[in-house]
Each structure stands twice: as structure tokens, then as C-alpha cells.
Amino acid sequence: MTFLVLLGVSTNRIDGMRQIRLAALLGIVGNILYAFGRELPPLLAYEAANAVYAAASASLFVGYRLLFKRRAYARAAAVSVLVFTALIAIFHYWFDSFVARSSVVSLYHAAVGAGIALTLIRCRSQWDRPFYVKRFILFVCSMKVLGHVTRVAWQLLGPAQPTSLLQPSPGAIFFLSVATVGLPALAFGGMLLAHRRIVEFAQEAADHDYLTGVLSRRAFSKIGERELGRAARTGRPLALLLIDLDHFKPINDNYGHDAGDRALVAFTLNAEKVLRGMDFLGRIGGDEFAVWMPETDLAAATVAAHRLRRRVAALGRTGALPGVTLSIGVSVLHDGDSLESVMKRADVALYEAKRNGRDQVVTEPEGGQPAGIGECATLQMTRTKTGSTAT
Ligand SMILES: Nc1nc2c(ncn2[C@@H]2O[C@H](COP(=O)(O)OP(=O)(O)OP(=O)(O)O)[C@@H](O)[C@H]2O)c(=O)[nH]1
């Protein structure tokens, strides 16, 4: 069942998943070989069954190491399986002893359980909610270690030494039942961890623009709502820049779509250099971007907008962003504003900047006036090209 579930979330984008899937598959094969131990030839029932199950454990260990972005020790794990198989053969053909063989098996699986648990504990800084998955894995590892070590102690020190794995004693049946669940349980735990990573990937993809890596329109709106709420609560200012690249289409037309893509990336990299760390840059669509500027009033936002406009204009002259300039509309939050009304004023200001010849910053009309933005408001707008304010 675990293997089928693992196939269901089949993705090689998550490091370690391939190894955990392999572990689940080898676990199935190993269990079948163990179960038919009495019917199969000794080589399959002893060496092959144990080697396959040890390989499953080793693959699980490597998978967990990769899941936590740690060195995998894949080669060491492979060598350990070979050494392990050689020991099984030695205690089968040269010094035939069930107790020695099963002690080797138990110590090997206990070591793997301890290794996975240690990896998890050492990577505690990477743990994120929900914690129950990691606790579940640690619990299974502890049971694995405890079970196997107790088994070795029992076999070596107990009253009667067992002679076969499938001996129908209560102790053997209990141990087999628990041990058979250990590997699939750990594979399942690995899948739960991977599932969490997949959800994070999806979240990250939804919140960021695939090309430039800045906030997506959806995430930008979400952050806007949050910042609006914060500004309304604290009474601190909040500004919005709406930015459109001028003359961007000719880059696509003259140099190709890839050059256009590179220009968009170059713009965002340069914008991030000019903006403060606490500003939020998002791509609204095509060649249109926007910035939420917390703790920023209209005057400061206008200064920042000009700094950005000048930087891009200079790059446009050097050929890094051939011919590109910026048109920017600026608005700030006023009492009773909604996300839509702040954006609407910035949009009207941006339209004004475009209409008046591009490469300029236009701020919203004094006092904001969220409603009725139209001809009148547009006429009162402040238009600046040099950075100094001229009405
Ligand atoms: N390379 C590339 N081009 C894009 C992408 N998204 C949108 N575009 C193009 O960007 C252009 C935007 O059109 P406009 O805003 O009219 O182009 P413009 O030349 O900047 O026009 P003005 O803003 O009026 O100066 C269109 O040609 C779109 O095809 C993208 O992700 N990559």
C-alpha cells in the first residue's frame, strides 16, 4: 500500500523520493522472499532475502539524507549492503548459526533506524509544521532500534536460542509483525515529508512570478490586504507604485522573446537594488509591475519612484534595457481606502504618465479622493520628470 501511495505522489523533483520508492519496492520483494523461506532454495531464502531487505533499509537511509539535503553516503550504503550479505553467507555456509545471522540482520537494521533518527534530529532547524510527521518518524526509528537490539539481547541471553526466523513462538511472531511494519512506516513517513515539500513548491510557484521571481499578482494582492490592515491599525503611511515599462514591445519585436524575458528579469534585479528590503515588488502582468512601500508617504514614494525611473533610463541608454524607460503612478493610503481604490488611483496616475509622453512619475491628486477619480482628479495630478515637484 505504501508503495502504491508513493507511486501516486511520484515526483523526482523532490530529492530522496526515488530512493524511498525503491526502498518500498525492495521491502515488498524482501518480505516475499522471507515469507516463502521454507519453499525457496537456501540462497534465495537466506542471502537474497536478507540482502534485498538490507538494500531496502539502505535506500531508505539515503532517501532520508537526500530529503534533508544532507550528504547521501550512497556508496557507503551500497558497500554496507555487500559487507552485510557477506556476513550472512559466512554465518550460513562456514559457521552455520541462525543466532549469528539474525544478530547481524538486527544490528544492521537498528543502525539504519538510528542513522535516520540522527539525520532527523541533526536537521531540526529544517523542521516546519506540522511536527507530528517528524515525531512519527522518530517514534518508528526508536521502535526499530529498540526492537532489534532487544531481539539480539534476547537471542544471546534468553533461556532458549531460536533456530529459525519463522519459528512459531509468541516472541518471534510479535517481532516479525512489528518488524514488517517498520520499513513501510518509514517509507510512508518519507512520503509525508515529501508531500509537505510538494505543497511548499506549489505555494512558492503560486506566490512568485515564474520568470522574474518577484511576487505574483495573487501574492501581491494578499500582501496589499495585509499591509493595508496594518497601516490602518497603526496609522502609519503606505504607498503604492504602479510601474509600466515603456517601449518594451520593440525589444520582443527586434531581438526576440528571449531578449524580452531577459529585459524583464534585468528590470526586476535593478528595481530590487533601488528599493528597500521592506518594499514588496510584484508583477501585475506583462510589462507592468507594482511596489507596496510600507512606512512611506507620498513625498518619499515619489523620490523612490524617480530614483528607479532614472536608473532604468540610464540602463536604457547603455543598451542593457534597450530604449526602455518607466512610467510610474504613485498613490498612498487614505482613511476609508480599499485595495481597489488605492490601486485605482495609482492606475489613473500611471495612465496620465503614459498619456503625457512616458518616462515620468505622476502622483495621485492631493488628498487622494478615492471616489470620482476622473477628468477632474487627473487635472490636479502632480507630474514630474526631473524629481522636483511641479504642479
Ligand atoms: N518577452 C516577454 N514579453 C512579454 C511578456 N509578457 C508580456 N510581454 C509583451 O510585452 C508587451 C507589452 O505591450 P505594451 O505595454 O503595449 O508594450 P510597450 O512597447 O511597452 O508599450 P508602452 O507601454 O505603450 O510603451 C507585449 O508585446 C507582450 O507580448 C513576457 O513574459 N515576456
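The protein chain is annotated in an unreviewed UniProt entry as diguanylate cyclase of Massilia solisilvae. The UniProt entry for the protein chain carries the following text under Catalytic activity (unreviewed entry): "2 GTP = 3',3'-c-di-GMP + 2 diphosphate".

Draft legend 1. How the structure looks around the UniProt feature "transmembrane region" (unreviewed entry) in the protein chain. When the UniProt feature table is mapped onto this chain numbering, "transmembrane region" (unreviewed entry) sits at residues 20–37, 43–64, 76–95, 107–124, 136–154 and 174–194. End-to-end, the C-alpha atoms of residues 136–154 are 26 Å apart, and along that stretch the chain is 100% helix and 0% strand.

Draft legend 2. A look at the nonpolar core. By size, the foremost hydrophobic cluster in this structure holds 48 residues, and its most contacted members are Ala 23, Leu 60 and Ala 187. Residue assignment for this core shows that the elements contributing at least two residues are helix H2 (17–35), helix H3 (42–67), helix H4 (74–94), helix H5 (98–122), helix H6 (132–157) and helix H7 (170–207). Per-element accounting of this core gives the leading share, 16 residues, to H3. Setting aside its immediate chain neighbours within four residues, Leu 60 contacts Ile 20, Ala 23, Val 112, Ile 116, Leu 183, Leu 186 and Ala 187.

Draft legend 3. Quick peek at helix H8 (residues 217–234). Helix length check: H8 (18 residues) gives 25 Å between terminal C-alpha atoms against 26 Å at 1.5 Å per residue, within 8%. Buried positions along H8 lie against strand S1 (238–246), strand S2 (280–285), strand S3 (288–294) and helix H12 (339–355). Gly 235 lies just past H8 and shows a positive phi near 75°.

Draft legend 4. A look at the site of the ligand. Taken together, 14 residues form the shell around the ligand, and within it Asp 246, Phe 248, Lys 249, Gly 260 and Gly 286 come nearest. Every element with two or more residues in the shell around the ligand is listed here: S1, helix H9 (249–255) and helix H10 (257–274). Residues belonging to the shell around the ligand are distributed by class as follows: four nonpolar, five polar and five charged.

Draft legend 5. Structural context of H2. The end-to-end C-alpha distance of H2, which contains 19 residues, comes to 27 Å, matching closely the 27 Å that a straight helix rising 1.5 Å per residue would cover. What H2 keeps buried is the set Met 17, Gln 19, Ile 20, Arg 21, Leu 22, Ala 23, Ala 24, Leu 26, Gly 27, Gly 30 and Leu 33.

Draft legend 6. Focus on the environment of Ala 117. Inspection of the secondary structure puts Ala 117 in helix H5. Between the C-alpha atoms of Ala 117 and Cys 141, which are 24 residues apart in sequence, the distance is 6.0 Å. When neighbours within four sequence positions are excluded, Ala 117 is seen to be in contact with Leu 138, Cys 141 and Ser 142.

Draft legend 7. Summary view of the confidence of the model for the protein chain. Model confidence for the protein chain is summarised by a mean pLDDT of 86, while 89% of its residues fall at 70 or above. Ignoring residues within four places in sequence, the model shows residues 370–381, a span with pLDDT below 50, making 21 contacts including any to other chains. Across residues 386–391, where pLDDT falls below 50, the model places six contacts with residues more than four positions away in sequence or in other chains.

Draft legend 8. A look at the pairing of S1. S1 sits mainly inside the fold: nine of its nine residues count as buried. By the alternation rule, side chains of S1 split into Leu 238, Leu 240, Leu 242, Asp 244 and Asp 246 and Ala 239, Leu 241, Ile 243 and Leu 245, which are all buried. For S1 and S3, the ladder comprises seven bridges, and the chain directions are antiparallel. For Leu 241, the partnering residue across the bridge sits in S3 and is Val 291. In this structure, S1 lies alongside strand S4 (residues 325–332), joined through eight bridges in antiparallel fashion. Residue Leu 241 lies in a different strand from S4, and its bridge partner there is Val 330.

Draft legend 9. Quick peek at unusual backbone geometry. With phi around 55°, His 247 is a residue other than glycine that occupies positive phi space. Position of His 247 relative to the elements: it lies in the loop between S1 and H9. Classification of His 247 by C-beta neighbours within 10 Å gives partly exposed; the count is 15. In this structure, Asp 359 is a non-glycine residue whose phi angle is positive, near 50°. Structurally, the position occupied by Asp 359 is in the loop between H12 and strand S5 (360–363).

Cut-off values and rules
- Residues numbered from 1 in each chain as written.
- Predicted model: local features only at pLDDT ≥ 70, side-chain atom pairs only at ≥ 80, totals over all residues.
- UniProt positions renumbered as here; feature names shortened; annotations may be inferred.
- Helix = DSSP H or I, 4+ residues; strand = E, 2+ residues; numbered from the N terminus.
- Core = buried A, V, L, I, M, F, W, Y, C linked by C-beta atoms within 7 Å.
- Buried ≥ 20, exposed ≤ 12 C-beta atoms within 10 Å, placed from the backbone.
- Contact = placed C-beta atoms within 7 Å.
- Expected span 1.5 Å × (residues − 1).
- Near = placed C-beta within 6 Å.
- Nonpolar A, V, L, I, M, F, W, Y, C, P; charged D, E, K, R; others polar.
- pLDDT = per-residue confidence, 0-100.
- Pairing = 2+ DSSP bridges.

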